[in-house]
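# A structural walkthrough
One-letter residues, chain by chain:
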2 protein chains.
Amino acid sequence: VTSQLYVFDLYGTLVDYNSLRPQIYLLTPNASSLVDLWRLKQLQYSFMSSMMGRYVDFDELTAHALDYAAAQYGVQLDADSRERLIDAWSQLPPYPDVRPALEKLRALGAKLAVLSNGTPPALARTVTAAGLDGYFDALLSVDSVKAYKPRPEVYHLAVERFGLSRGEIGFVSSNGWDAVGAAEFGFDVTWCNRNRLPAETFGARPARTIATLAELPAD
Amino acid sequence: VTSQLYVFDLYGTLVDYNSLRPQIYLLTPNASSLVDLWRLKQLQYSFMSSMMGRYVDFDELTAHALDYAAAQYGVQLDADSRERLIDAWSQLPPYPDVRPALEKLRALGAKLAVLSNGTPPALARTVTAAGLDGYFDALLSVDSVKAYKPRPEVYHLAVERFGLSRGEIGFVSSNGWDAVGAAEFGFDVTWCNRNRLPAETFGARPARTIATLAELPAD
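Overview of the structure. (Residues numbered from 1 in each chain as written. Chains lettered and ligands numbered in written order. Predicted model: local features only at pLDDT ≥ 70, side-chain atom pairs only at ≥ 80, totals over all residues. Heavy atoms only, no water.)

In this section: the relation of the copies chain A and chain B. Turning chain A through 180° and shifting it by 0.0 Å along the axis lays it on chain B, with an RMSD of 0.0 Å. Such a combination of rotation and displacement between the chain copies is what one expects of a two-fold axis. (Least-squares fit on C-alpha atoms with pLDDT ≥ 70 in both.)

So, in C-alpha cells, the structure goes:
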C-alpha cells in the first residue's frame, strides 16, 4: 500500500554527513571518529535543549557540537575552517537511492515532505544543494515549535500541515530513535537501516525496516 | 565556602560502572566497548523516555540498553547472565575517593544526599552494597516525578526536600550533561571530571571543575 504522504527525515536519511570526513582528514587522522562524535554530540545537545527547556537552533547546536568534538581529538580549528565545516551541513550530498525513490513515490501520486531538526534556511539550502528542489510539498522544521525530535509536537507539524490522521502518514527515517519517536506518535513508520544497526529495544516499533530507500513503497 | 547541602549524582560519580567489564570479558573481548555502549544507550533511552512522554523506570531502561549493546556486539545472553548483569548495577563499587570526601563534608557540618535516575530500591541497594549507609540524609529518585535528568522537575526534588534555595545547594556530578542541567536549574555545581573529557560547550557552565572528590569542598 502506498501512503498518500511520505515524510522524510533529512540528516542521515536523505543526505549523508559521512561526506564531511574528507575535509576533516586534512585536520586529523581521526576524522571518522571526530564526525561520529560531532553527530553524537549534536543529537545529545538537541535532547538536552528540549529537556532543559532552553531552545537553541540546530545551526548553533551543530557549532557547539563541533567545538566539543574538536577538543576531544585535539584539533585546533581556526575561524575559517570552523565556519566552513558548519556550513558544510547545508551542502551534504544525497544518498544515491534518494532521487529514484522520490521519483517513484511521486509517480505513484504520493505527496512528499521533509521533517527535520534543521533550521528553515538550512533545510532550503540543503535540499537545493542536493538537487532535490521540486520534489517536496513542504519542508517542515522543528524551529516553528522550538523543540526537537522525538517530542510529539514536532511530529504533529506534519498532521497540522497536511490534515491527515497520524496513521495515514508514512514516515521514513534512518535514525532509530527518530523512527521510534515517530512510531510512538502514531505515524506509519519505515526505518531505513542504512548502517545495519540493531533494532532499538525501547519504545514503539517501526512498522517495517528496509535497507535502502529503493525498497519504497514497502508493505 | 562549604555548602550546607551537597547533592551527589550516583552512577559514574559515587559508584563505578566500569567495574562491569570483567564479567562481560567472559562473554566477549569487546567488553569495554560493550559497557560504553550499554551506558550510552541507557542514557539515550532515558532522554527519549522523557521527550516522548513515556516514562519507564531506569531498571527497565537498563535492561533494554543491555539488549541493544549485546546485539551490537553479537553477544547471546542467556536469561541468567542477563539477570546477573542488570542486577550488578545495584552492586557497583564506590570510587576510592568517595568515603573520605563524604566523611570530610560531614565533619564540616554539611548535609548529604543522592539524586539519581535510579529507582528507589536500586538507590537503597547500591548505597548499602557500596558501604555508604549512614552518610546520606536523603536518597532522591527521579521515579517520584516520572521524568529523567536533565528535566528541571528532577533537580527540584532537592529544593523541595531540604527547603533551600537553588543557589544554596551544592550539586556534584561527573556526568557533563548532568552538571550542565543542574547549572541551568540554578544549583551551585561542581563537575568532577573523572574521565578528563572536554567541557560541554552548550548550556550553563558548572561553577567549578575538579578531578576527584578529594578536592571537595572546592571554592
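Attention now moves to the environment of Tyr68(B). Here Tyr68(B) is to be found in helix α3 (residues 58-72). Accessibility expressed as a relative area gives 4% for Tyr68(B), which makes it buried. Apart from residues lying up to four places away in sequence, Tyr68(B) is in contact with Leu197(A), Pro198(A), Ala199(A), Glu200(A), Thr201(A), Leu37(B), Lys41(B) and Tyr45(B). (Helix = DSSP H or I, 4+ residues; strand = E, 2+ residues; numbered from the N terminus. Buried < 20%, exposed > 50% of the residue type's maximum accessible area, 1.4 Å probe, protein only. Contact = heavy atoms within 4.5 Å.)

Core analysis: the biggest nonpolar cluster contains 168 residues, and Phe8(A) and Phe8(B) have the highest contact counts within it. Ignoring any residue separated from it by four or fewer positions in sequence, one finds Phe8(B) in contact with Thr13(B), Leu14(B), Leu102(B), Leu105(B), Leu112(B), Ala113(B), Val114(B), Leu115(B), Phe136(B), Val172(B), Leu213(B) and Leu216(B). (Core = buried A, V, L, I, M, F, W, Y, C linked by side-chain atoms within 4.5 Å.)

Attention now moves to the interface of chain A and chain B. In this complex, chain A contributes 37 residues to the contact, which on the side of chain B involves 36 residues. Summing both sides of the interface, chain A and chain B together bury roughly 3100 Å²; the carbon and sulfur share of this comes to 70%. Ranking the residues of chain A by area buried against chain B places Met51(A), Met52(A) and Phe202(A) at the top, with a combined share of 28%. Where chain A packs against chain B, one counts 4 salt bridges. Across the salt bridge formed by Glu200(A) and Lys41(B), the nearest N and O atoms sit 2.9 Å from each other. The tally of links from chain A across to chain B stands at 10 residue pairs in polar contact (both at pLDDT 80 or more). Of all the secondary-structure elements, those providing two or more residues to the side of chain A that touches chain B are α2 (31-52), α3 (58-72) and α8 (176-185) of chain A. Per element, the largest residue contribution to the side of chain A that touches chain B is 11 residues, and it comes from α2(A). Considered class by class, the residues forming the side of chain A that touches chain B number 21 nonpolar, 9 polar and 7 charged. (Buried area = accessible area lost by both parts, 1.4 Å probe. Salt bridge = Lys/Arg side-chain N within 4 Å of Asp/Glu carboxyl O. Polar contact = N/O pair within 3.5 Å; in protein donor to acceptor, adjacent residues only side chain to side chain. Nonpolar A, V, L, I, M, F, W, Y, C, P; charged D, E, K, R; others polar.)

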